[in-house]
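Remarks on the overall topology
Each chain is listed here by its residues.
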Amino acid sequence: MNTAQPLDVQPTPLALLLLGRGADPKSERGVECPGDLPAPSDPDLVERARAAKAQLGERVFVLGHHYQRDEVIEFADVTGDSFKLARDAAARPEAEFIVFCGVHFMAESADILTSSRQQVVLPDLAAGCSMADMATAEQVAECWDVLEAAGLADTTVPVAYMNSSADIKSFTGRHGGTICTSSNAKRALDWAFENGEKVLFLPDQHLGRNTAVRDLGMSLEDCVVYNPHKPGGGLTAEELRNARMILWRGHCSVHGRFSLDSVNDVRARIPGVNVLVHPECKHEVVAAADLVGSTEYIIKTLDAAPAGSKWAIGTELNLVRRLANRYAPEGKEIVFLDKTVCFCSTMNRIDLPHLVWTLESLAKGTVVNRIEVDPETEKFAKLALERMLALP
(Lines give C-alpha, C1' and ligand atoms only; values in the text may rest on other atoms or scores of the structure.)
Protein backbone atom coordinates (compact mmCIF):
# COMPACT_ATOMS: atom_id res chain seq x y z
CA MET A 1 0.00 0.00 0.00
CA ASN A 2 1.28 3.44 -0.91
CA THR A 3 1.41 5.54 2.26
CA ALA A 4 3.21 8.52 0.74
CA GLN A 5 1.64 11.84 1.64
CA PRO A 6 0.67 14.23 -1.17
CA LEU A 7 3.14 17.04 -1.67
CA ASP A 8 1.95 20.51 -0.73
CA VAL A 9 3.33 22.32 -3.79
CA GLN A 10 2.63 26.05 -4.02
CA PRO A 11 3.20 27.93 -7.28
CA THR A 12 5.99 30.50 -7.06
CA PRO A 13 5.25 34.17 -7.84
CA LEU A 14 7.19 33.81 -11.10
CA ALA A 15 5.16 30.75 -12.09
CA LEU A 16 1.94 32.65 -11.43
CA LEU A 17 3.18 35.54 -13.57
CA LEU A 18 4.00 33.22 -16.44
CA LEU A 19 0.52 31.71 -16.16
CA GLY A 20 -1.02 35.18 -16.25
CA ARG A 21 -2.44 34.81 -12.75
CA GLY A 22 -0.22 37.17 -10.87
CA ALA A 23 0.65 40.86 -10.81
CA ASP A 24 3.97 42.65 -10.60
CA PRO A 25 3.93 46.34 -11.54
CA LYS A 26 7.73 46.24 -12.04
CA SER A 27 7.55 43.33 -14.47
CA GLU A 28 7.16 43.46 -18.22
CA ARG A 29 5.10 40.28 -18.02
CA GLY A 30 2.08 42.27 -16.94
CA VAL A 31 -1.15 40.80 -15.61
CA GLU A 32 -4.25 39.28 -17.09
CA CYS A 33 -6.69 41.68 -18.72
CA PRO A 34 -9.67 42.78 -16.62
CA GLY A 35 -13.16 42.97 -18.05
CA ASP A 36 -14.98 40.88 -20.61
CA LEU A 37 -13.37 40.73 -24.02
CA PRO A 38 -15.50 40.33 -27.13
CA ALA A 39 -15.15 36.93 -28.77
CA PRO A 40 -12.53 36.73 -31.54
CA SER A 41 -15.24 35.15 -33.70
CA ASP A 42 -17.54 38.18 -33.39
CA PRO A 43 -18.21 39.20 -37.02
CA ASP A 44 -18.87 42.78 -35.93
CA LEU A 45 -15.43 43.43 -34.39
CA VAL A 46 -14.19 45.61 -37.24
CA GLU A 47 -17.35 47.69 -37.27
CA ARG A 48 -17.32 47.99 -33.48
CA ALA A 49 -13.73 49.26 -33.57
CA ARG A 50 -14.59 51.80 -36.27
CA ALA A 51 -17.66 53.00 -34.38
CA ALA A 52 -15.84 53.43 -31.05
CA LYS A 53 -12.90 55.19 -32.69
CA ALA A 54 -15.25 57.51 -34.57
CA GLN A 55 -17.12 58.31 -31.36
CA LEU A 56 -13.88 59.25 -29.61
CA GLY A 57 -12.73 61.37 -32.55
CA GLU A 58 -9.61 63.44 -31.92
CA ARG A 59 -9.68 62.51 -28.23
CA VAL A 60 -7.92 59.26 -29.12
CA PHE A 61 -4.69 58.64 -31.01
CA VAL A 62 -3.87 55.03 -31.88
CA LEU A 63 -0.23 54.01 -32.32
CA GLY A 64 0.65 50.77 -34.13
CA HIS A 65 4.10 49.21 -33.89
CA HIS A 66 5.44 47.60 -37.07
CA TYR A 67 5.28 44.15 -35.49
CA GLN A 68 1.54 44.30 -34.82
CA ARG A 69 -1.05 42.14 -36.56
CA ASP A 70 -2.65 43.53 -39.72
CA GLU A 71 -6.06 43.62 -38.02
CA VAL A 72 -4.63 46.06 -35.45
CA ILE A 73 -2.51 48.11 -37.87
CA GLU A 74 -5.71 48.84 -39.81
CA PHE A 75 -6.86 51.11 -36.96
CA ALA A 76 -3.52 52.81 -36.25
CA ASP A 77 -3.31 56.54 -36.91
CA VAL A 78 0.46 56.16 -37.30
CA THR A 79 2.84 53.21 -37.53
CA GLY A 80 6.51 52.99 -36.70
CA ASP A 81 9.12 51.73 -34.27
CA SER A 82 8.84 52.33 -30.54
CA PHE A 83 10.65 55.68 -30.30
CA LYS A 84 9.04 57.17 -33.40
CA LEU A 85 5.62 56.30 -32.01
CA ALA A 86 6.38 57.82 -28.61
CA ARG A 87 7.47 61.05 -30.31
CA ASP A 88 4.37 61.00 -32.52
CA ALA A 89 2.24 60.77 -29.39
CA ALA A 90 4.04 63.74 -27.82
CA ALA A 91 3.37 65.72 -31.00
CA ARG A 92 -0.40 65.24 -30.58
CA PRO A 93 -1.15 67.18 -27.36
CA GLU A 94 -4.82 67.47 -28.29
CA ALA A 95 -5.26 63.69 -27.94
CA GLU A 96 -6.57 62.86 -24.48
CA PHE A 97 -5.99 59.12 -24.88
CA ILE A 98 -2.94 57.47 -26.44
CA VAL A 99 -3.72 53.85 -27.25
CA PHE A 100 -0.36 52.17 -27.75
CA CYS A 101 -0.59 48.96 -29.75
CA GLY A 102 2.84 47.68 -28.82
CA VAL A 103 4.40 46.38 -25.62
CA HIS A 104 4.79 47.66 -22.08
CA PHE A 105 8.12 49.50 -22.29
CA MET A 106 6.89 51.37 -25.38
CA ALA A 107 3.82 52.62 -23.55
CA GLU A 108 6.06 53.71 -20.67
CA SER A 109 8.20 55.75 -23.07
CA ALA A 110 5.08 57.37 -24.47
CA ASP A 111 3.93 58.28 -20.96
CA ILE A 112 7.34 59.82 -20.21
CA LEU A 113 7.29 61.96 -23.36
CA THR A 114 3.63 63.04 -23.37
CA SER A 115 2.00 65.69 -21.20
CA SER A 116 0.45 64.99 -17.81
CA ARG A 117 -3.06 65.52 -19.19
CA GLN A 118 -2.65 62.71 -21.69
CA GLN A 119 -3.37 59.14 -20.64
CA VAL A 120 -1.47 56.26 -22.22
CA VAL A 121 -3.34 52.97 -22.53
CA LEU A 122 -1.99 49.49 -23.38
CA PRO A 123 -4.79 47.23 -24.69
CA ASP A 124 -3.35 44.14 -22.93
CA LEU A 125 -1.15 44.53 -19.87
CA ALA A 126 0.38 41.12 -20.58
CA ALA A 127 1.96 42.51 -23.76
CA GLY A 128 5.48 42.70 -22.41
CA CYS A 129 8.97 42.24 -23.78
CA SER A 130 11.18 39.31 -22.80
CA MET A 131 14.30 41.36 -23.58
CA ALA A 132 13.24 44.19 -21.29
CA ASP A 133 12.50 41.60 -18.60
CA MET A 134 16.10 40.39 -18.73
CA ALA A 135 17.34 43.49 -16.87
CA THR A 136 15.65 44.53 -13.65
CA ALA A 137 16.49 47.65 -11.67
CA GLU A 138 17.81 45.53 -8.79
CA GLN A 139 20.09 43.51 -11.08
CA VAL A 140 21.51 46.60 -12.76
CA ALA A 141 22.12 48.25 -9.37
CA GLU A 142 24.05 45.13 -8.31
CA CYS A 143 26.08 45.34 -11.52
CA TRP A 144 26.97 48.94 -10.76
CA ASP A 145 28.07 47.87 -7.28
CA VAL A 146 30.40 45.34 -8.93
CA LEU A 147 31.85 48.09 -11.14
CA GLU A 148 32.31 50.37 -8.14
CA ALA A 149 34.07 47.62 -6.19
CA ALA A 150 36.44 47.18 -9.15
CA GLY A 151 37.07 50.94 -9.26
CA LEU A 152 35.50 51.22 -12.72
CA ALA A 153 32.17 52.94 -12.19
CA ASP A 154 33.59 56.47 -12.52
CA THR A 155 34.87 55.73 -16.02
CA THR A 156 31.89 53.65 -17.21
CA VAL A 157 28.97 55.23 -19.09
CA PRO A 158 25.68 53.30 -19.21
CA VAL A 159 23.87 53.16 -22.54
CA ALA A 160 20.39 51.64 -22.44
CA TYR A 161 18.58 50.43 -25.52
CA MET A 162 15.12 51.88 -26.05
CA ASN A 163 13.81 48.34 -25.49
CA SER A 164 14.15 48.62 -21.72
CA SER A 165 11.87 49.42 -18.82
CA ALA A 166 11.39 52.93 -17.44
CA ASP A 167 13.38 51.84 -14.36
CA ILE A 168 16.41 50.99 -16.51
CA LYS A 169 16.11 54.24 -18.46
CA SER A 170 15.93 56.09 -15.14
CA PHE A 171 19.05 54.30 -13.84
CA THR A 172 20.84 55.31 -17.03
CA GLY A 173 19.85 58.94 -16.60
CA ARG A 174 20.95 58.98 -12.94
CA HIS A 175 24.40 57.68 -13.85
CA GLY A 176 25.18 60.06 -16.69
CA GLY A 177 24.20 57.79 -19.55
CA THR A 178 21.97 57.96 -22.58
CA ILE A 179 19.38 55.93 -24.45
CA CYS A 180 19.82 54.59 -27.98
CA THR A 181 17.73 53.05 -30.70
CA SER A 182 18.87 50.53 -33.29
CA SER A 183 19.18 53.48 -35.69
CA ASN A 184 21.45 55.70 -33.61
CA ALA A 185 23.39 53.16 -31.51
CA LYS A 186 26.70 54.19 -33.13
CA ARG A 187 26.14 57.85 -32.32
CA ALA A 188 25.22 56.95 -28.74
CA LEU A 189 28.37 54.86 -28.30
CA ASP A 190 30.56 57.56 -29.87
CA TRP A 191 29.13 60.01 -27.32
CA ALA A 192 29.60 57.56 -24.47
CA PHE A 193 33.27 56.96 -25.30
CA GLU A 194 33.83 60.71 -25.46
CA ASN A 195 32.60 60.84 -21.85
CA GLY A 196 34.13 57.67 -20.44
CA GLU A 197 36.47 54.76 -21.04
CA LYS A 198 33.93 51.94 -20.92
CA VAL A 199 30.28 51.37 -21.76
CA LEU A 200 27.75 49.28 -19.87
CA PHE A 201 25.31 48.38 -22.65
CA LEU A 202 21.94 46.94 -21.70
CA PRO A 203 19.81 44.97 -22.09
CA ASP A 204 20.56 43.60 -25.60
CA GLN A 205 24.04 42.13 -25.92
CA HIS A 206 23.76 41.61 -29.68
CA LEU A 207 23.01 45.22 -30.63
CA GLY A 208 25.85 46.36 -28.38
CA ARG A 209 28.34 43.86 -29.78
CA ASN A 210 27.35 44.41 -33.41
CA THR A 211 27.58 48.17 -33.10
CA ALA A 212 30.95 48.06 -31.33
CA VAL A 213 32.53 45.62 -33.78
CA ARG A 214 30.88 46.60 -37.09
CA ASP A 215 30.60 50.35 -36.61
CA LEU A 216 33.32 51.30 -34.12
CA GLY A 217 35.98 48.84 -35.28
CA MET A 218 36.43 47.08 -31.97
CA SER A 219 37.33 43.41 -31.64
CA LEU A 220 35.18 40.72 -30.08
CA GLU A 221 37.81 40.56 -27.32
CA ASP A 222 36.93 44.15 -26.37
CA CYS A 223 33.49 42.89 -25.32
CA VAL A 224 32.55 40.89 -22.24
CA VAL A 225 29.10 39.65 -21.21
CA TYR A 226 27.79 40.41 -17.72
CA ASN A 227 25.48 37.63 -16.53
CA PRO A 228 23.19 38.94 -13.76
CA HIS A 229 22.51 35.38 -12.59
CA LYS A 230 26.14 34.75 -11.64
CA PRO A 231 28.12 36.28 -8.75
CA GLY A 232 29.97 39.33 -10.02
CA GLY A 233 28.29 38.85 -13.37
CA GLY A 234 30.53 35.85 -13.97
CA LEU A 235 33.46 38.17 -14.64
CA THR A 236 36.70 38.86 -12.82
CA ALA A 237 37.83 42.37 -11.97
CA GLU A 238 40.63 41.95 -14.51
CA GLU A 239 38.17 40.98 -17.27
CA LEU A 240 36.11 44.06 -16.47
CA ARG A 241 39.20 46.28 -16.49
CA ASN A 242 40.35 44.94 -19.88
CA ALA A 243 36.94 45.30 -21.52
CA ARG A 244 35.69 48.35 -23.36
CA MET A 245 32.12 47.10 -23.84
CA ILE A 246 30.37 45.43 -20.90
CA LEU A 247 27.35 43.80 -22.48
CA TRP A 248 24.31 42.78 -20.48
CA ARG A 249 23.28 39.15 -21.00
CA GLY A 250 19.99 39.89 -22.74
CA HIS A 251 18.56 39.29 -26.18
CA CYS A 252 15.45 39.51 -28.34
CA SER A 253 13.60 36.20 -28.45
CA VAL A 254 12.62 36.83 -32.08
CA HIS A 255 15.89 38.06 -33.57
CA GLY A 256 17.92 35.65 -31.47
CA ARG A 257 16.33 32.72 -33.34
CA PHE A 258 18.07 33.47 -36.62
CA SER A 259 21.25 31.47 -37.19
CA LEU A 260 24.11 31.21 -39.63
CA ASP A 261 22.41 28.08 -40.94
CA SER A 262 19.36 30.22 -41.75
CA VAL A 263 21.52 32.50 -43.89
CA ASN A 264 23.31 29.65 -45.65
CA ASP A 265 20.05 27.80 -46.29
CA VAL A 266 18.25 30.76 -47.86
CA ARG A 267 21.23 31.52 -50.11
CA ALA A 268 21.18 27.91 -51.31
CA ARG A 269 17.42 27.98 -51.92
CA ILE A 270 17.21 31.40 -53.58
CA PRO A 271 20.20 32.25 -55.80
CA GLY A 272 20.96 35.96 -55.85
CA VAL A 273 19.00 36.70 -52.67
CA ASN A 274 19.93 39.73 -50.57
CA VAL A 275 20.02 38.99 -46.84
CA LEU A 276 18.85 41.96 -44.75
CA VAL A 277 18.76 41.59 -40.96
CA HIS A 278 18.11 43.59 -37.81
CA PRO A 279 21.14 44.40 -35.60
CA GLU A 280 19.50 42.54 -32.69
CA CYS A 281 20.53 39.33 -34.49
CA LYS A 282 23.55 37.33 -33.36
CA HIS A 283 26.95 38.56 -34.50
CA GLU A 284 27.58 35.63 -36.85
CA VAL A 285 24.24 36.31 -38.58
CA VAL A 286 24.99 40.01 -38.95
CA ALA A 287 28.49 39.23 -40.28
CA ALA A 288 27.03 36.91 -42.93
CA ALA A 289 24.26 39.28 -44.04
CA ASP A 290 24.45 41.68 -46.98
CA LEU A 291 22.78 44.56 -45.15
CA VAL A 292 22.03 45.31 -41.50
CA GLY A 293 19.70 47.95 -40.11
CA SER A 294 16.78 48.99 -37.96
CA THR A 295 13.15 48.31 -38.75
CA GLU A 296 12.83 51.69 -40.46
CA TYR A 297 16.02 50.98 -42.45
CA ILE A 298 14.61 47.63 -43.58
CA ILE A 299 11.41 49.27 -44.81
CA LYS A 300 13.25 52.07 -46.65
CA THR A 301 15.66 49.60 -48.25
CA LEU A 302 12.87 47.44 -49.61
CA ASP A 303 10.96 50.50 -50.78
CA ALA A 304 13.97 51.60 -52.85
CA ALA A 305 14.84 48.08 -54.09
CA PRO A 306 14.56 47.43 -57.84
CA ALA A 307 11.82 45.28 -59.31
CA GLY A 308 12.83 41.65 -59.60
CA SER A 309 15.18 41.78 -56.61
CA LYS A 310 15.06 39.01 -54.02
CA TRP A 311 15.24 39.55 -50.28
CA ALA A 312 15.42 37.39 -47.16
CA ILE A 313 14.54 39.47 -44.09
CA GLY A 314 15.64 38.69 -40.53
CA THR A 315 13.06 40.40 -38.36
CA GLU A 316 9.55 39.83 -36.96
CA LEU A 317 7.22 37.84 -39.21
CA ASN A 318 4.19 40.16 -39.12
CA LEU A 319 6.29 42.93 -40.65
CA VAL A 320 8.00 40.66 -43.19
CA ARG A 321 4.68 39.27 -44.39
CA ARG A 322 3.20 42.77 -44.65
CA LEU A 323 6.18 43.98 -46.69
CA ALA A 324 6.04 40.91 -48.94
CA ASN A 325 2.40 41.65 -49.76
CA ARG A 326 3.06 45.37 -50.20
CA TYR A 327 5.90 44.96 -52.70
CA ALA A 328 4.76 41.84 -54.56
CA PRO A 329 2.96 43.94 -57.22
CA GLU A 330 6.31 45.64 -57.90
CA GLY A 331 7.95 42.29 -58.63
CA LYS A 332 10.02 42.16 -55.44
CA GLU A 333 10.36 38.72 -53.85
CA ILE A 334 10.52 39.01 -50.07
CA VAL A 335 10.81 35.96 -47.80
CA PHE A 336 11.31 35.32 -44.10
CA LEU A 337 14.92 34.42 -43.28
CA ASP A 338 14.05 31.35 -41.22
CA LYS A 339 11.88 28.39 -42.18
CA THR A 340 10.27 28.45 -38.73
CA VAL A 341 7.36 30.83 -38.06
CA CYS A 342 8.61 33.49 -35.68
CA PHE A 343 6.08 36.01 -34.40
CA CYS A 344 6.76 38.19 -31.37
CA SER A 345 4.42 36.33 -29.00
CA THR A 346 3.93 39.18 -26.52
CA MET A 347 3.42 41.80 -29.25
CA ASN A 348 0.76 39.51 -30.70
CA ARG A 349 -1.25 39.67 -27.49
CA ILE A 350 -2.61 42.95 -28.81
CA ASP A 351 -5.40 41.68 -31.04
CA LEU A 352 -8.68 43.03 -32.35
CA PRO A 353 -10.78 41.91 -29.33
CA HIS A 354 -8.42 43.76 -26.95
CA LEU A 355 -8.43 46.85 -29.15
CA VAL A 356 -12.24 46.85 -29.40
CA TRP A 357 -12.57 46.41 -25.64
CA THR A 358 -10.16 49.31 -25.07
CA LEU A 359 -11.81 51.72 -27.49
CA GLU A 360 -15.34 50.90 -26.34
CA SER A 361 -14.31 51.32 -22.69
CA LEU A 362 -12.81 54.74 -23.43
CA ALA A 363 -15.89 55.73 -25.39
CA LYS A 364 -18.00 54.86 -22.31
CA GLY A 365 -15.78 57.01 -20.10
CA THR A 366 -13.77 54.21 -18.47
CA VAL A 367 -9.99 54.40 -18.75
CA VAL A 368 -8.55 50.88 -18.77
CA ASN A 369 -4.98 49.61 -18.54
CA ARG A 370 -3.44 53.03 -18.06
CA ILE A 371 0.36 53.05 -18.02
CA GLU A 372 1.83 55.56 -15.59
CA VAL A 373 5.50 56.12 -14.76
CA ASP A 374 6.07 57.60 -11.30
CA PRO A 375 7.49 61.17 -11.24
CA GLU A 376 10.93 60.28 -9.84
CA THR A 377 11.50 57.51 -12.37
CA GLU A 378 10.18 59.71 -15.15
CA LYS A 379 12.51 62.58 -14.22
CA PHE A 380 15.73 60.63 -14.80
CA ALA A 381 14.39 58.50 -17.65
CA LYS A 382 13.46 61.70 -19.47
CA LEU A 383 16.94 63.08 -18.79
CA ALA A 384 18.47 60.04 -20.49
CA LEU A 385 16.07 60.38 -23.44
CA GLU A 386 16.88 64.09 -23.75
CA ARG A 387 20.59 63.24 -23.92
CA MET A 388 19.79 60.95 -26.83
CA LEU A 389 17.79 63.65 -28.58
CA ALA A 390 20.77 66.00 -28.21
CA LEU A 391 23.16 63.58 -29.96
CA PRO A 392 24.74 65.10 -33.10
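Residues numbered from 1 in each chain as written. Predicted model: local features only at pLDDT ≥ 70, side-chain atom pairs only at ≥ 80, totals over all residues. Heavy atoms only, no water.

Comments concerning helix 15 (residues 317-327)
Put simply, the test is: Using a 1.4 Å probe on the protein chains alone, a residue whose accessible area is under 20% of its type maximum counts as buried, one over 50% counts as exposed, and one in between counts as partly exposed. Numbering of helices and strands runs from the N terminus, with a helix taken as a DSSP run of H or I at least four residues long and a strand as a DSSP run of E at least two residues long. Two residues form a contact once any of their heavy atoms are found within 4.5 Å. Counting of polar contacts relies on pairs of N or O atoms within 3.5 Å, with two restrictions inside protein: one atom must be capable of donating a hydrogen and the other of accepting it, and residues adjacent in sequence are counted only when both atoms are side-chain atoms.
Within helix 15, 8 of the 11 residues are buried, leaving the element largely enclosed by the surrounding structure. Buried residues in helix 15 make contact with helix 3 (70-73), helix 14 (295-304), strand 12 (310-314) and strand 13 (333-336). By the N-cap criterion, in which a side-chain oxygen at the helix start approaches the backbone nitrogen of a residue two or three places on, helix 15 is capped by E316, the distance to N318 being 2.7 Å.

Some details on the sheet that holds strand 4 (residues 119-121)
To keep it simple, the criterion reads: At least two DSSP bridges between two strands are needed for those strands to be called paired. For helices, the axis comes from a line fit to the C-alpha atoms of the stretch in contact; other axes are also lines fit to C-alpha atoms, and the angle between any two N-to-C directions lies between 0 and 180 degrees.
Pairing within the open sheet is parallel, and its 4 strands lie in the order 2-1-3-4. For this open sheet the edge positions go to strand 2 (78-80) and strand 4, each flanked by a neighbour on one side alone. Neighbour-to-neighbour, the strand axes of the sheet open up by a mean angle of 25°, direction not taken into account. Looking at chain direction, strand 1 (residues 60-65) and strand 2 are connected through 3 bridges and run parallel. The residue bridging G64 from the neighbouring strand is T79, located in strand 2.

Structural notes on the sheet that holds strand 9 (residues 245-248)
With parallel pairing, 5 strands are arranged side by side in an open sheet as 6-5-7-9-8. The open sheet terminates on both sides in strands that have one partner only, identified here as strand 6 (178-180) and strand 8 (223-226). Between one strand axis and the next, the sheet turns through 25° on average, direction left out of account. Relative to strand 6, strand 5 (residues 156-161) is paired through 3 bridges, and the arrangement is parallel.

Re the packing of helix 5 (residues 104-113) against helix 17 (residues 375-389)
Note the cut-off: Each angle is binned into one of four classes, with values under 35 degrees roughly parallel, values over 145 roughly antiparallel, values of 65 to 115 roughly perpendicular, and all other values oblique. Ten residue types, Ala, Val, Leu, Ile, Met, Phe, Trp, Tyr, Cys and Pro, are classed as nonpolar, four, Asp, Glu, Lys and Arg, as charged, and the remainder, Gly among them, as polar.
Across the interface, helix 5 lies against helix 17 with an axial gap of 10 Å and an inter-helix angle of 90°. By the angle between their axes, helix 5 is roughly perpendicular relative to helix 17. Judged by residue contacts, D111, I112 and L113 of helix 5 engage E378, A381, K382 and L385 from helix 17. Tallied by class, residues from the contact of helix 5 with helix 17 come to 4 nonpolar, no polar and 3 charged.

Concerning the packing of helix 2 (residues 45-56) against helix 16 (residues 352-363)
Let me state the cut-off plainly: Crossing handedness: left-handed means the near helix sits turned counterclockwise from the far one by under a right angle, and right-handed means the same turn made clockwise.
Across the interface, helix 2 lies against helix 16 with an axial gap of 9 Å and an inter-helix angle of 30°. Between helix 2 and helix 16 the crossing geometry is left-handed. Judged by residue contacts, L45, V46, R48, A49, A52, K53, Q55 and L56 of helix 2 engage L352, P353, V356, L359, E360, L362 and A363 from helix 16.

As for the packing of aromatic side chains
What counts here: Classification of ring pairs uses Phe, Tyr and Trp, with its six-membered ring standing for Trp, and accepts pairs whose centres are within 6.5 Å; under 30 degrees between planes counts as stacked, over 60 as edge-to-face, and the remaining range as tilted.
Using the criterion set out here, one finds 3 aromatic pairs in the structure. An angle of 80° between the planes, with centres 5.7 Å apart, marks the rings of W144 and F171 as edge-to-face. Residue W144 is found in helix 7 (residues 137-149), and its partner F171 is found in helix 8 (residues 166-174); the two are separated by 27 residues along the sequence. There is no split in this pair, since W144 and F171 are both buried. Taken together, a centroid distance of 5.5 Å and an interplanar angle of 65° make the contact between F258 and F336 edge-to-face. Residue F258 is located in the loop between strand 9 and helix 12 (260-269), and its partner F336 is located in strand 13; the two are separated by 78 residues in the primary sequence. Grouping residues by exposure puts F258 and F336 together as buried.

Regarding the pairing of strand 5
For the record, the criterion: Handedness of a crossover: with both strands directed away from the viewer, a clockwise path from the first strand across the helix to the second marks it as right-handed.
Among the 6 residues of strand 5, 6 are classified as buried, and the element is accordingly described as predominantly covered. Residues T156, P158 and A160 point to one face of strand 5 and V157, V159 and Y161 to the other, with burial holding for every one of them. Of the pairings in the sheet, the one linking strand 5 to strand 7 (residues 198-202) comprises 5 bridges and is parallel in character. Paired with P158 across the strands is L200, a residue of strand 7. Viewed along the sheet, the connection from strand 5 through helix 8 into strand 6 turns out right-handed.

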